[in-house]
Amino acid sequence: MGKGYLAIVAAMLIWGSVGVVARKAGQDPLITVTYRVLFGAAALIAAQLLQRAVRQGPKSASRPKPRRGLLLFSGAALAANWLFFFKAVDTTSVSNAVLSYYMAPVLVALASPLLLHEPLERRTIAATALSLTGIVIMLYQPGQPVRPADLLGIGYGLAAACFYAMVTICGRWLQEIPAPRLVLVQCLTAALVLVPTVLWQGAPGSPGALAALAVPPQSLVLLALMGVVHTALALILYFQGLRSVKVQHVGVLAYLDPVSAILFAFLFLGEIPSPASLIGGLLVLSGSALLLRKGRAARTQQVA
C-alpha cells in the first residue's frame, strides 16, 4: 500500500475513535467542535514556532503565494461541515444524520471528473456502491415513520456532505501549501466561525455567554487530545495523502470512519455491534479492499 493510502487510512482510523473520546468528554457537540479547532490551532502554532527556533541556515526558497480566498473558504467549509452534521444529529435520528452525511463520498466521486478531470473508474463506482450499501445496512431502521423534522435533519446532513466534499476538493486544489500550514489556516478560520456561534448561542440555563465555554478540567484534557490528535494530526495525514491518492478513492476510503467507530465503541465502551453492523461493516471493508488491492496491482505494473 502506498504512503498516500496509508495516510488516508490512518486519518480515517483516528476519526473513527473520536466518538469514544467525545463520549468520555461529555460535552455539547458544538462546544466539542469549537475546542477541537482551538486546541488544534494552538498545537500547530506551537509546532511551527518550535520548528523555526530549531531550524538553522538560510531560509528556504520562496513558495508560490496560495490562493487566499480559496484557503479561507476551505476553513469556513470545514466549520460548516461540522456545524451542519451536528445540527442534523440534533434534528433527526443519528441513523438519518449519518446516512445523509455519508453521501459525501458519492459527491466527491461524482465531482472529481468535473472539477479535477479525474476519469471516473469502474472500480470506484463498484467500491462506492458496496460501501454505501454497507452503511445503509448498518444504520437503516425499518418501521420508523418519517417526520417533518426528519426531512429537515436529512437536509442538514446533505448540506454537511456537500461541505465535506468541498473541503476534499479544496485540499487537492491547494496542494502546493504544506499540509500543516493548510490545516492551521483552516482551524483558525473555523474558530472564527465557531467561537462567535457558541458565544451567541450560550449554554442553556447559564447566566452568560462566556459560561458556554466553561468545561471541567478532565473534559478539557480530552478536548485537548481531540484537538491535537483527531483534528491537527488527522487532518495533516488526510491532506498529505490527498496529494498522491485519487480524490474519488479518498471518498470511498472515508467509509472506513464509521466502521472503525463501531470497533472502537466495542473495545472501549463495551457496545456490542448488531448483526446488521457486522454485515454492513464487511461490505464497507470489501469496498475499501477493492480500491487498495487494485491500486497496488496498478502500481506494481507501473514499476515492472
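Rules behind the numbers
- Just so you know, the residues in each chain are numbered from 1, in the order the chain's sequence is written.
- Residues qualify for local features only when their pLDDT is at least 70, as the model is predicted, and side-chain atom pairs are given and counted only at 80 or more; totals for whole chains, interfaces and linings, by contrast, use all residues.
- Side-chain measures were taken over the full set of non-hydrogen atoms in the model, leaving aside hydrogen atoms and water.
- Strands are runs of DSSP state E lasting at least two residues, helices are runs of H or I lasting at least four, and both sets are numbered from the N terminus onward.
- Here the open area of atoms and residues is found with the Shrake-Rupley method and a 1.4 Å probe, where only the protein chains shown may cover a residue.
- All axes here are fitted lines through C-alpha atoms, helices being fitted over the stretch that makes contact, and every angle between N-to-C directions spans 0 to 180 degrees.
- Between 65 and 115 degrees an angle is taken as roughly perpendicular, under 35 as roughly parallel, over 145 as roughly antiparallel, and anywhere else as oblique.
- Throughout, a contact is declared for two residues whenever any of their heavy atoms are within 4.5 Å.
- Gly counts as polar in this scheme, as do all residues outside two lists: the nonpolar Ala, Val, Leu, Ile, Met, Phe, Trp, Tyr, Cys and Pro, and the charged Asp, Glu, Lys and Arg.
- Each crossing gets its hand from how the near helix is turned against the far one by less than a right angle, where anticlockwise is left-handed and clockwise is right-handed.
- Expected helix span is computed as 1.5 Å times (number of residues minus one).
- Throughout this description, buried means an accessible area under 20% of the type-specific maximum (1.4 Å probe, protein chains only), exposed means over 50%, and partly exposed covers the range between.
- Whenever a nitrogen or oxygen atom comes within 3.5 Å of another N or O atom, the pair is scored as a polar contact, on the condition that within protein one atom can donate a hydrogen and the other can accept it, and that pairs from neighbouring residues in sequence are kept only if both atoms are in side chains.
- What makes a nonpolar core is a set of buried Ala, Val, Leu, Ile, Met, Phe, Trp, Tyr and Cys residues whose side-chain atoms join them at distances within 4.5 Å.
- Here, a salt bridge means any side-chain nitrogen of Lys or Arg that lies within 4 Å of a carboxyl oxygen of Asp or Glu.

Engineer: Looking at this structure, how should I read the overall build of the protein chain?
Structural biologist: For the protein chain, the helix and strand inventory stands at 13 helices and zero strands. If you list the helices and strands of the protein chain from N to C, you get α-α-α-α-α-α-α-α-α-α-α-α-α. As presented, the protein chain carries roughly 15,400 Å² of accessible surface, and 69% of it is formed by carbon and sulfur atoms.

Engineer: Which parts of the structure should I look at to understand the packing of helix 2 (residues 18-25) against helix 12 (residues 256-269)?
Structural biologist: Axes are the key here: two packed helices are described by the angle between their axes and the distance separating the axes. The N-to-C vectors of helix 2 and helix 12 enclose an angle of 45 degrees; their axes lie 8 Å apart at closest approach. When the axes of helix 2 and helix 12 are compared, the pair comes out oblique. For the pair helix 2 and helix 12, contact is made by V20, R23 and K24 and by F264, A265, F268 and L269, respectively. Its residues placed into classes, the contact of helix 2 with helix 12 shows five nonpolar, no polar and two charged.

Engineer: For this particular structure, what's the right way to read the packing of helix 9 (residues 179-201) against helix 10 (residues 217-242)?
Structural biologist: Where helix 9 meets helix 10, the closest approach of the two axes is 9 Å, and the angle between their N-to-C directions is 125 degrees. One way to sum up the angle between helix 9 and helix 10 is to call them oblique. Our pair here, helix 9 against helix 10, has a crossing hand that is right-handed. In this structure, helix 9 contributes A179, P180, L182, V183, Q186 and C187 to the contact, and helix 10 contributes T231, A232, L235, I236, F239 and Q240. Partitioning the contact of helix 9 with helix 10 into residue classes produces nine nonpolar, three polar and no charged.

Engineer: Where do I start with unusual backbone geometry in this structure?
Structural biologist: Note on backbone geometry: most residues besides glycine have negative phi, and most peptide bonds are trans. The backbone of H117 shows a phi angle near 55 degrees, a positive value even though the residue is not glycine. Relative to the assigned elements, H117 resides in the loop between helix 6 (104-115) and helix 7 (122-139).

Engineer: Looking at this structure, how should I read helix 3 (residues 29-54)?
Structural biologist: Owing to its 3.6 residues per turn, the α-helix aligns residues three or four sequence positions apart on the same side. A rise of 1.5 Å per residue sets the reference length of helix 3, with its 26 residues, at 38 Å; its end C-alpha atoms lie 37 Å apart and thus fit the reference within 8%. Every buried residue belonging to helix 3 is among L30, I31, T32, V33, T34, Y35, R36, V37, G40, A41 and L44, and all of these are buried. The backbone nitrogen of L30 lies 3.0 Å from a side-chain oxygen of the residue at the head of helix 3, namely D28.

Engineer: I would appreciate a short explanation of the side chain of E118 in the present structure.
Structural biologist: Mapped onto the elements of the fold, E118 is located in the loop between helix 6 and helix 7. Exposure remark for E118: the relative accessible area of 7% places this residue in the buried category. Engagement of the side chain of E118 in a polar contact is seen with the side chain of R172, the distance being 3.3 Å. Setting aside anything within four residues of it in sequence, one finds E118 in contact with S112, P113, R172, K246, V247 and Q248.

Engineer: Can you walk me through the nonpolar core in this structure?
Structural biologist: Nonpolar side chains in soluble globular proteins generally cluster together in the buried interior. Ranked by size, the top nonpolar core spans 76 residues in total, and within it M12, I135, Y238 and F239 carry the most contacts. Not counting the four nearest positions on each side in its chain, Y238 is found in contact with I8, A11, M12, W15, Y164, T168 and V250.

Engineer: Honestly, the environment of V20 in this entry has me stumped. Any pointers?
Structural biologist: Structurally, V20 can be placed in helix 2. Setting aside residues up to four positions removed in sequence, V20 forms contacts with F264, A265, F268 and L269.

Engineer: Would you take a moment to explain the environment of H230 for this structure?
Structural biologist: If you trace the backbone, H230 turns up in helix 10. Judged by its relative accessible area of 3%, H230 falls in the buried class. When the C-alpha atoms of H230 and M12 are compared, they prove to be 9.6 Å apart, with 218 residues separating the residues in sequence. Sequence-distant contacts of H230, that is, excluding residues within four places in its chain, are made with I14, W15, S17, V18, V21, R36 and L225. Within polar-contact distance, the side chain of H230 engages the backbone oxygen of I14 at 3.5 Å.

Engineer: I'm lost on the side chain of S288 in this one. Help?
Structural biologist: For S288, the position within the fold is in helix 13 (residues 275-303). The exposure class of S288 is buried, given its relative accessible area of 2%. Those residues in contact with S288 that sit more than four places away from it in its chain are S131, V252, L253 and L256.

Engineer: Teacher, can you tell me more about the pattern of salt bridges here?
Structural biologist: It is possible for side chains bearing opposite charge to pair when their charged atoms get close. Applying the stated criterion to the full structure yields three salt bridges. As a salt-bridge pair, E118 and R172 come within 3.3 Å of each other at their nearest N and O atoms. Of the two residues, E118 is situated in the loop between helix 6 and helix 7 and R172 in helix 8 (residues 148-173); the sequence distance between them amounts to 54 residues. Of the charged contacts in the structure, one is a salt bridge between E121 and R123, with a shortest N-O distance of 3.2 Å. With respect to class, E121 is no different from R123; both count as buried.

Function cannot be read off these values alone, since they describe shape.
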